[in-house]
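Structural overview
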Amino acid sequence: MTMMKFAWDNYKQYAWGKNELRPLTRNGHIGNMFGGLRGASIVDSLDSLFIMGLLEEYGDARDWVRSSLDLSSNGEASLFEVNIRYVGGLLSAYYLTGEEMFKQKVLELGEKLLPAFNTPTGIPRGVINLGSSGTSWSWGWASAGSSILAEFGTLHLEFLHLSQLSGNPVYTEKVMNIRKLLNRMEKPHGLYPNFLSPVTGSWVQHHVSVGGLGDSFYEYLIKSYLMSDKTDQEAKTMYYSALEAIEANLVQKSVGGLTYMAEWRGGILDHKMGHLACFSGGMVGLGADDADTPQKRQHYLDLAAEITHTCHESYARSATKLGPEAFRFDGGAEATATRLSDRYYILRPEVIESYMYMWRLTHDPKYREWGWEAVEALEKHCRVESGFSGIRDVYSSSASHDNMQQSFFLSETLKYLYLLFSDDDLLPLEDWVFNTEAHPLPVIRQACLQEAPAAA
Ligand code: DMJ
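Note that this is a predicted model, so its numbers are computed, not measured. Each chain has its residues counted from 1, following the order in which its sequence is written. Reporting of local features is limited, given that this is a predicted model, to residues whose pLDDT is at least 70; pairs of side-chain atoms are given and counted only at 80 or more, and all residues count toward the totals for whole chains, interfaces and linings. For the side-chain quantities, the full set of heavy atoms in the structure was used; hydrogens and water were omitted.

**Here's the deal with the pattern of salt bridges**
The condition is simple: Here a salt bridge means any side-chain nitrogen of Lys or Arg lying within 4 Å of a carboxyl oxygen belonging to Asp or Glu. Note on conventions: DSSP H or I runs of at least 4 residues are helices, E runs of at least 2 residues are strands, and numbering of each starts at the N terminus. When accessible area is computed with a 1.4 Å probe and restricted to protein chains, residues below 20% of their type maximum are described as buried, those above 50% as exposed, and intermediate ones as partly exposed.
Scanning the entire structure with this criterion turns up 30 salt bridges. The partner of Glu57 in a salt bridge is Lys5, with the nearest N and O atoms 3.0 Å apart. On the criterion of sequence distance, the pair formed by Glu57 in helix α3 (residues 55-68) and Lys5 in helix α1 (residues 2-15) is long-range, its members being 52 residues apart. Taking the relative accessible area as the measure of exposure, Lys5 reaches 33% and is therefore partly exposed. Between Glu313 and Arg317 there is a salt bridge, with the nearest N and O atoms lying 2.9 Å from each other. Its relative accessible area of 16% is what places Glu313 among the buried residues.

Below, the structure written as structure tokens:
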């Protein structure tokens, strides 16, 4: 909580209304992910501040959203980023506080995202103009105008809630169409490649990853099942089939005995695991309980513990005790980065996220110990005079800072740390599902399909 207050106070003092704080130069950063939208750190922080009892700060954030979050702005935005941070943040704020204004804002924003689905297949493109034209594009870097699995596959939770709150089924229809298309497609070895053409509906390249470009698609399958009060059987089946294919094709054991998830390029393994892929310890753990036999349940819990252990090793083997952006298991490497360009840490949450889930699932004290190591490392290497900053090289103890306090640090990293050291009845996993930006959304119970904001 004191870390959150420090990060927030500095954002407020030096970057208020901008998207992120630049803590070394003490100014704001806008970037190009959110079109004309501003205040990403504010929207991403609403629920963290509220949950942590920082109510004065929450009040400032709420008042800014009410008076200054301008949704009429246009500009090119990432559909995925706007959805997970703004839609997710506003939905959580509404459900936690019951404040009507959040509902109005999120419904207004949700409508602006709908034109992105106007493609021959209904698979949205990655970039959308938030203005009245609603034109959309694929990312210039995505091969052959393709859409990205982790982007169009990470809308389901938020869009179901948009339908729930608006009474308009269109949001659910859009994401169910994506689901159906993916379900009926031919999948190489049962795996989901990362690039899909929104025009032809076929895979563009056979690159498969549980890290960047693929990650939260898998997360949203199991979470869709859990958020449906365990009624969405299609999501459940797709999740366990995908996990079986991942285990059969990507899960590896290193020479030193560490379990990791490699990447797959047309059948050839790249023995690398990204920091982003470390969310999978928590995901596999969260999904373990609903596997269909006691043996499988135990197996998935073991797999989750092994992956989380590997991710902890990637932290433990660095000078700063923070983990690199990507680590390898070839050429003699064991959970360490071998390329200079992979050595940075940008305040990402995924490893701590897995500690939090594994703590809730097992109560093994080592997860709190590992979380505390991360707190100490963040304080020592990332805290600067005016906020928290990412670092360029986790293997060097004389930190070179990147001058960026990412909004997901406030939304995810600090929230997961707070939950790791809180009682299990704060946002119990039976009642809440966290979107991929750590914004809690309530389980939709069949009995209460009419909207009803939950108390915190
Ligand atoms: C966050 O915005 C989300 O967790 C997303 O799913 C992946 N990248 C960042 C954090 O690393």
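**Let's talk about the sheet that holds strand β3 (residues 76-78)**
This is how the line gets drawn: Two strands qualify as a pair provided that DSSP identifies no fewer than 2 bridges between them.
Sheet architecture is open: three strands sit in the order β3-β4-β5, paired in antiparallel fashion. The open sheet is flanked by β3 and β5 (136-137), the only strands paired with a single partner. Relative to β5, strand β4 (residues 127-129) is paired through two bridges, and the arrangement is antiparallel. Each residue of the ladder has a partner; that of Val127, found in β5, is Trp137.

**Remarks on the site of the ligand**
Here is the rule we go by: Think of it this way: one heavy atom of a residue within 4 Å of a molecule or strand is enough to make that residue near it. In the analysis that follows, any N or O atom pair within 3.5 Å is treated as a polar contact, provided that within protein one partner can donate a hydrogen and the other can accept it, and provided that, for residues neighboring in sequence, both atoms belong to side chains. Each residue gets one label: Ala, Val, Leu, Ile, Met, Phe, Trp, Tyr, Cys and Pro are nonpolar, Asp, Glu, Lys and Arg are charged, and the others, such as Gly, are polar.
Within the structure, the ligand sits among Ile84, Arg85, Leu276, Arg348, Pro349, Glu350, Phe408, Glu412, Thr436 and Glu437. Between the ligand and Glu350 there is a distance of 2.7 Å, counted from an oxygen atom to a side-chain nitrogen or oxygen. Between an oxygen atom of the ligand and a side-chain N or O atom of Thr436, the distance comes to 2.8 Å. Contributions of two or more residues to the shell around the ligand are made by α4 (79-97) and α15 (407-420). Here the shell around the ligand is built from residues that sort into four nonpolar, one polar and five charged.

**Thoughts on the packing of helix α10 (residues 233-249) against helix α11 (residues 279-288)**
For clarity, the cut-off: To define axes, lines are fitted to C-alpha atoms, for helices over the stretch in contact only, and angles between the resulting N-to-C directions are given on a 0 to 180 degree scale. Each angle receives one of four descriptions, namely roughly parallel if under 35 degrees, roughly antiparallel if over 145, roughly perpendicular if within 65 to 115, and oblique otherwise. With the far helix as reference, a near helix turned anticlockwise by less than a right angle produces a left-handed crossing, and one turned clockwise produces a right-handed crossing. Only heavy atoms matter for contacts: two residues are in contact if any of them lie within 4.5 Å across the pair.
Orientation of α10 relative to α11, taken along the N-to-C sense of each, is 125 degrees, at an axis distance of 12 Å. When the axes of α10 and α11 are compared, the pair comes out oblique. Between α10 and α11 lies a crossing whose hand is left-handed. From α10, Tyr239, Tyr240 and Leu243 reach across to α11, where they touch Met283, Val284 and Gly287. Here the residues of the contact of α10 with α11 sort into five nonpolar, one polar and no charged.

**What to know about the sheet that holds strand β8 (residues 203-205)**
Spatial strand order, β6-β7-β8: three strands in an open sheet with antiparallel pairing. For this open sheet the edge positions go to β6 (147-148) and β8, each flanked by a neighbour on one side alone. Bridge count for strand β7 (residues 195-196) against β8 is two bridges, and the pairing is antiparallel. Bridge pairing in β8 places Leu196 opposite Trp203.

**Things to note about the packing of α4 against helix α5 (residues 100-113)**
For the pair α4 and α5, interaxial distance at closest approach is 8 Å and the crossing angle is 155 degrees. Overall, the two elements α4 and α5 adopt an arrangement that is roughly antiparallel. Note on packing geometry: the crossing formed by α4 with α5 is left-handed. Across the interface between the two elements, Leu79, Val82, Tyr86, Val87, Leu90, Leu91, Ala93, Tyr94 and Thr97 of α4 pack against Glu100, Phe102, Lys103, Lys105, Val106, Leu109 and Leu113 of α5.

**Looking at α11**
Burial of α11 is extensive: ten of the ten residues sit out of reach of the surface. Among the residues of α11, Phe279, Ser280, Gly281, Gly282, Met283, Val284, Gly285, Leu286, Gly287 and Ala288 are the ones counted as buried. Buried residues along α11 sit in contact with α9 (215-227), α10, β11 (259-261), β14 (272-274), α12 (294-316) and α13 (350-362).

**Let's talk about the packing of aromatic side chains**
The cut-off we apply is this: Pairing of aromatic side chains requires ring centres within 6.5 Å, counting the rings of Phe and Tyr and the six-membered ring of Trp. Pairs whose planes differ by under 30 degrees are stacked, by over 60 edge-to-face, and all others tilted. A ring is scored as having a charge over it whenever the NZ atom of a lysine or the CZ atom of an arginine sits within 6 Å of its centre and within 35 degrees of its normal.
Within the structure shown, the criterion is met by 25 aromatic pairs. Every member of this aromatic cluster is reached through a ring pair, and the members are Tyr192, Trp203, Phe217 and Tyr218. Seen from the ring of Phe6, Arg383 lies directly overhead, with NZ or CZ sitting 3.8 Å from the centre.

**A word on the state of the cysteines**
Heads up, the rule is: When two cysteine sulfur atoms lie within 2.5 Å, the pair is treated as a disulfide.
On inspection of all chains with the given rule, the structure shows one disulfide. What pairs with Cys278 in a disulfide is Cys311, and their sulfur atoms sit 2.1 Å apart. Classification of the bridge connecting Cys278 and Cys311 rests on its S-S torsion, roughly -90 degrees, and on that basis the disulfide is left-handed. You can see Cys278 sitting in the loop between β14 and α11 and its partner Cys311 sitting in helix α12, a full 33 residues away along the chain. The exposure class of Cys278 is buried, given its relative accessible area of 1%. Note on Cys382: no disulfide assigned, nearest cysteine sulfur contributed by Cys278 at a separation of 16 Å.

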